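Examination of the molecular architecture
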Amino acid sequence: MALFRFPSEPQSRPLIRTANLYLRAPDADDYSAWAVLRMESREFLTPWEPTWNEDDLTRASFRLRAKRAAREIASDEAYSLFVFEAHSEALLGGLTLGLIRRGVAQACTLGYWMGQRHAGKGHMTEAVRGALRFAFSELALHRVEAACLPNNDPSRRLLERVGFRHEGLARGYLKINGTWSDHLLYAALSSDRAGGGPI
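**Things to note about the overall build of the protein chain**
- Counting secondary structure elements, the protein chain contains 6 helices and 8 strands.
- Going from the N terminus to the C terminus, the protein chain shows its helices and strands as β-β-α-α-α-β-β-β-α-β-α-β-β-α.
- Contacts in the protein chain between residues at least 24 apart in sequence constitute 58% of all its contacts with a sequence separation of at least 6.
- For the protein chain, the accessible area works out to roughly 10,300 Å², and carbon and sulfur atoms hold 50% of it.

See below:
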């Protein structure tokens, strides 16, 4: 599985390539595909996400989202990326390496979402593996953290499949679908990969 970063090229270019996917920052041309995918997946995504704002799917809101993503990438604060199928260039979902902490931590937090019609096909597993390689190799991070609701079995299986280890339970960790919810905490270390783990 190949992985490339193009630091001297526009941020709309892929930051991550895998065998079947590429991940890049959102740009203005992605709005229509993103809005359709999010709208048709709303019921599917609602149990696992923060409550959507009333203007969440508007073009203006998307433009702000894309500008923030570009700014955070430029400042190495977060990498909010869209996941595309390489051969069809269809937008499948999104993935973020966020809350990057440098200094003694060298860590970030992983989040992701997948459009309903693309779920369960292994795309996000491949995207997360690519993102971990990017985090450890290109960003030189030591630790990638993730959290999921205890009843989100697909997300738990994905994290464990790619090499995350369960580290505990955080009470009232994130406000999901309007409710402060407990989350299972997971992490993957760069040394896990060196030790021959599944990443």
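After presenting the structure, the write-up continues.
**A closer look at the nonpolar core**
- Counting residues in hydrophobic clusters, the biggest one holds 36 residues, and the most contacted among them are Tyr79, Leu95, Leu97, Leu110, Val128, Val144 and Phe164.
- Of all the elements in the fold, those that place two or more residues in this core are strand 2 (21-24), strand 3 (79-85), strand 4 (91-101), strand 5 (107-114), helix 4 (123-138), strand 6 (143-148), helix 5 (153-161) and strand 8 (179-189).
- Looking at this core element by element, the count peaks at 8 residues for helix 4.
- Once residues within four sequence positions are removed from consideration, phenylalanine 164 is found in contact with Leu110, Val128, Leu132, Val144, Glu145, Ala146, Leu159, Tyr186, Ala187 and Ala188.
- Counting 13 residues, the second-largest nonpolar core is a separate cluster that includes Leu57, Phe82, Phe84 and Trp113.

**Digging into the packing of aromatic side chains**
- Counted according to the given criterion, the structure contains 7 aromatic pairs.
- When the ring centre of tryptophan 113 is taken as origin, the NZ or CZ atom of arginine 38, which lies over that ring, is 4.7 Å away.

**Notes on helix 5**
- Those residues of helix 5 that fall on the buried side of the exposure criterion are Ser155, Leu158 and Leu159. Buried residues of helix 5 fall within an arc of 95° about the axis and therefore sit on the same side.
- With its phi angle positive at about 110°, glycine 163 sits one or two positions after the end of helix 5.

**As for the packing of helix 1 (residues 31-40) against helix 3 (residues 59-74)**
- Closest axis-to-axis distance for the helix 1/helix 3 pair is 11 Å, and the angle between their directions is 110°. With respect to helix 3, the axis of helix 1 lies roughly perpendicular. The interaxial crossing formed by helix 1 with helix 3 has right-handed handedness. In contact with Tyr31, Ser32 and Trp34 of helix 1, helix 3 contributes Arg59, Phe62 and Arg65.
- For the contact of helix 1 with helix 3, the per-class residue count stands at 3 nonpolar, 1 polar and 2 charged.

**Some words on the pairing of strand 6**
- Where strand 5 and strand 6 come together, 3 bridges link them in parallel fashion. When the sheet's bridge partners are listed, threonine 109 is paired in strand 6 with glutamate 145.
- Note that strand 6 and strand 8 share 6 bridges and pair antiparallel. Bridge pairing in strand 8 links valine 144 to alanine 188.

Procedures and definitions
- Residues numbered from 1 in each chain as written.
- Predicted model: local features only at pLDDT ≥ 70, side-chain atom pairs only at ≥ 80, totals over all residues.
- Heavy atoms only, no water.
- Helix = DSSP H or I, 4+ residues; strand = E, 2+ residues; numbered from the N terminus.
- Contact = heavy atoms within 4.5 Å.
- Areas by Shrake-Rupley, 256 points an atom, 1.4 Å probe, with all protein chains shown as cover.
- Core = buried A, V, L, I, M, F, W, Y, C linked by side-chain atoms within 4.5 Å.
- Buried < 20%, exposed > 50% of the residue type's maximum accessible area, 1.4 Å probe, protein only.
- Phe/Tyr/Trp six-rings, centres within 6.5 Å; stacked < 30°, edge-to-face > 60°.
- Lys NZ or Arg CZ within 6 Å of the ring centre and 35° of its normal.
- Arc of directions from axis to C-beta.
- Axes fitted to C-alpha atoms, helices over the stretch in contact; angles between N-to-C directions.
- Parallel < 35°, antiparallel > 145°, perpendicular 65-115°, else oblique.
- Left-handed = near helix turned anticlockwise from the far one by under 90°.
- Nonpolar A, V, L, I, M, F, W, Y, C, P; charged D, E, K, R; others polar.
- Pairing = 2+ DSSP bridges.

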